[in-house]
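Chain residues, written in single-letter form:
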Amino acid sequence: QVQLVESGGGLVQPGGSLRLSCAASGFTFSNYVMSWYRQAPGKQRELVAAISSDGGSTNYAESVKGRFTISRDNAKNTVYLQMNSLKPEDTAVYYCHVDVRWGRGTQVTVSS
């Protein structure tokens, strides 16, 4: 069955960096668009970034453009989210998404 397992979250100070990973299994990874979403307390889940099946095309939420980078390694069935210049408002649970499937999420907390 489809499995998406996120890792790499944690507590970081404002201005810091984190790299999230999502290990995928149970489907042909290289055929699918992969996305990262996030959900902050009391807010709706929102799209952060998405990447095409071959990695040649990406798109980002306006709030993270220039700070976050999505990438993928189809040989490793893994998608990444490099997050730089983190802000307190980036605090959320970050979810990996494919088709109609979700991972369990990884908590990112940006605080001094």
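Data block above holds the structure.
Because the structure is a prediction, the values reported are computed rather than measured. (Residues numbered from 1 in each chain as written. Predicted model: local features only at pLDDT ≥ 70, side-chain atom pairs only at ≥ 80, totals over all residues. Heavy atoms only, no water.)

A. View of the state of the cysteines. Using the criterion set out here, one finds one disulfide in the structure. Shown here is the disulfide that connects Cys22 with Cys96, its sulfur atoms set 2.1 Å apart. Judged by the torsion about the S-S bond (-80°), the Cys22/Cys96 disulfide is left-handed. On the criterion of sequence distance, the pair formed by Cys22 in strand β3 (residues 18–25) and Cys96 in strand β9 (residues 92–98) is long-range, its members being 74 residues apart. (Disulfide = S-S within 2.5 Å. Helix = DSSP H or I, 4+ residues; strand = E, 2+ residues; numbered from the N terminus.)

B. Geometry of the environment of Ala50. With respect to the helices, strands and loops of the structure, Ala50 is situated in strand β5 (residues 46–51). Along the backbone, Ala50 and Ala61 are 11 residues apart, and their C-alpha atoms lie at a distance of 9.2 Å. With residues up to four places along the chain from it excluded, the contact list for Ala50 reads Val33, Met34, Ser35, Ser57, Thr58, Asn59 and Ile70. (Contact = heavy atoms within 4.5 Å.)

C. Fine view of the sheet that holds strand β7 (residues 68–73). Spatially, the four strands line up as an open sheet ordered β1-β3-β8-β7, and their pairing is antiparallel. Two strands in the sheet have a free side with no partner beyond their single neighbour: β1 (3–7) and β7. Adjacent strand axes in the sheet meet at a mean angle of 15°, parallel and antiparallel pairs treated alike. Pairing between β7 and strand β8 (residues 78–83): six bridges, direction antiparallel. Across the sheet, residue Arg72 finds its bridge partner in β8, namely Val79. (Pairing = 2+ DSSP bridges. Axes fitted to C-alpha atoms, helices over the stretch in contact; angles between N-to-C directions.)

D. The pairing of β8, seen in detail. Most of β8 sits inside the fold, with five of its six residues counted as buried. Direction of pairing for β3 relative to β8: antiparallel, over a ladder of six bridges. Bridge pairing links Ala23 to Thr78 in β8. (Buried < 20%, exposed > 50% of the residue type's maximum accessible area, 1.4 Å probe, protein only.)

E. Representation of the pattern of salt bridges within the structure. Under the criterion given, the structure shown has four salt bridges. A salt bridge links Arg67 to Asp90, with the nearest nitrogen and oxygen atoms 2.7 Å apart. With Arg67 in the loop between β6 (58–60) and β7 and Asp90 in the loop between β8 and β9, this residue pair connects regions lying 23 residues apart in the sequence. Look at Arg67 and you get buried, because its relative accessible area is 10%. (Salt bridge = Lys/Arg side-chain N within 4 Å of Asp/Glu carboxyl O.)

Taken by themselves, the reported measurements are silent on function.
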